[in-house]
Amino acid sequence: MKITDLNFVREREDWRFELSLDRLDVHPGDQRALIGPSGSGKSTLLDILALAMKPTSIGSFSLLDEVAPDREERSADIRAAWDHNDLDRLADLRAGYTGYILQQGGLLNYLTVGENIALPMKLLGCSVDKDWIKRLTAYLGIDQYLDRRPNQLSVGERQRAGIARAVVHRPRVIFADEPTASVDAANALAVARVLLAVARQLGSALIVATHDMNLVETLGLSPLDLKVSQEHGGTVSRFSEL
């Protein structure tokens, strides 16, 4: 993933927020963190990087596409897809390339845990690999809960199920928005360590948005630098690589 000159602006009559990112390179296996207080734009930037939100302007945005039959790697031009409003292309890349972990797992209560985890594979039109799901959930310690509904699990168990659903299709980049915010301090580090271990096992890049600098330091994540200022009649957040 390579990005330059990203800018996002949100404004109302009496309020303005601006976010900028000069450059970001993310390679397979990278573990990065978006650090900052509430309102600094961490979740907004994460949504843009995960192709869930369009920036106001951008210089370039490319990511490694699927490997071609001749084994040559191809690059997908995200800016071009946005410029041409190619929603199908963006949806395909988002579904196949990214995995997204929400604060509280984001599981669907009308599906079993196993059905929730298998959902990304079904949406991609892939056959459901039950052996892989069994190995993955055993590693996460939730393989005995596959036939339960999410509301029958503890908060920590639901978060682990959310991790499984986000990575079951082996995404190139895993995004996590405050993944430990809904669990207590004792479980937060355990959940985060499991997430980091799964990303390493898959060789996926991991980008985590969090306000917990202690967690970032404990896990050894590489944070982006953030400078927040008041200018142009509102808040300006500038993210940059250290």
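Not measured: the values here are computed from a predicted model.

### Thoughts on the sheet that holds strand E8 (residues 205-210)
Spatial strand order, E6-E7-E8-E3-E9: 5 strands in an open sheet with parallel pairing. One side of each edge strand has no neighbouring strand; the edge strands of this open sheet are strand E6 (98-101) and strand E9 (222-223). Two strands pair when backbone bridges link them, and strand E3 (residues 31-35) and E8 are joined in this way by 5 bridges, in the parallel orientation. Bridging across to E8, isoleucine 35 finds its partner in threonine 210. Across the sheet, helix H3 (residues 87-97) lies against E6 and strand E7 (173-177), angled at about 70 degrees from E6, the strand it touches most. Sheet strands touched by helix H6 (residues 155-167): E6 and E7. Its angle to E6, the strand with the most contacts, is close to 165 degrees.

### Here we look at the environment of leucine 90
Positionally, leucine 90 belongs in helix H3. Relative accessible area serves as the criterion here: at 5%, leucine 90 is assigned to the buried category. Separated by 141 residues in the primary sequence, leucine 90 and glutamate 231 have C-alpha atoms spaced 33 Å apart. Residues in contact with leucine 90, not counting those within four places in the same chain, are Leu51, Ile78, Ala81 and Trp82.

### Some points on the confidence of the model for the chain
Per-residue pLDDT for the chain averages 87, and the proportion of residues at 70 or more is 95%. Predicted confidence for residues 67-72 stays below pLDDT 50, and this span has 4 contacts to residues more than four positions away or in other chains.

### Topic: the nonpolar core
Ranked by internal contacts, the top residues of the largest apolar core, which has 37 residues, are Ile117 and Leu140. Of all the secondary-structure elements, those providing two or more residues to this core are E3, helix H4 (113-123), helix H5 (130-140), H6, E7, helix H7 (185-202), E8 and helix H8 (213-219). Element by element, the count of residues in this core is highest for H7, at 7 residues. When sequence neighbours within four positions are dropped, the list of residues in contact with leucine 140 reads Arg160, Ile163, Ala164, Val194 and Val198.

### Here's the deal with H5
All of the buried residues in H5 are Trp132, Ile133, Leu136, Thr137 and Leu140. Around the axis of H5, the buried residues are gathered within 120 degrees of arc, so they sit on the same side. Turned more than 90 degrees from where H5 packs its buried face, Lys130, Asp131 and Arg135 sit exposed. Looking at the buried side of H5, the elements it contacts are H4, H6 and H7. Its side-chain oxygen 3.3 Å from the backbone nitrogen of aspartate 131, aspartate 129 forms the N-cap of H5.

### What about the pairing of strand E1 (residues 2-12)?
With 10 bridges joining them, E1 and strand E2 (residues 15-25) adopt antiparallel strand pairing. Bridging from a neighbouring strand, phenylalanine 8 pairs with leucine 19 of E2. If you look at the hairpin formed by E1 and E2, you'll find 2 residues sitting between the two strands.

Scoring rules and cut-offs
- Every chain's residues receive numbers from 1 upward, in the order its sequence appears when written.
- Selection of residues for local features in this predicted model requires a pLDDT of at least 70, selection of side-chain atom pairs for listing and counting requires 80 or more, and totals for whole chains, interfaces and linings are taken over all residues.
- Excluded from the side-chain calculation are hydrogens and water; included are all heavy atoms of the structure.
- In this description, strands pair whenever DSSP reports at least two bridges between them.
- Numbering goes from the N terminus for both helices and strands, where a helix is a DSSP run of H or I of at least four residues and a strand is a run of E of at least two.
- It only takes one pair of heavy atoms within 4.5 Å for two residues to be counted as in contact.
- Fitting a line to C-alpha atoms yields each axis, with helices limited to the stretch in contact; the angle taken between N-to-C directions then spans 0 to 180 degrees.
- Only protein chains enter the accessibility calculation, which uses a 1.4 Å probe. A residue is then buried if its area is under 20% of the maximum for its type, exposed if over 50%, and partly exposed in between.
- Confidence of the predictor at the level of single residues is captured by pLDDT, which takes values from 0 to 100.
- Each nonpolar core is a collection of buried residues, namely Ala, Val, Leu, Ile, Met, Phe, Trp, Tyr and Cys, held together in the definition by side-chain atoms within 4.5 Å.
- Note that the arc is defined by the directions from the helix axis to the C-beta atoms.
- Here a polar contact means two N or O atoms within 3.5 Å. Within protein one must be a hydrogen donor candidate and the other an acceptor candidate, and residues neighboring in sequence count only if both atoms are side-chain atoms.

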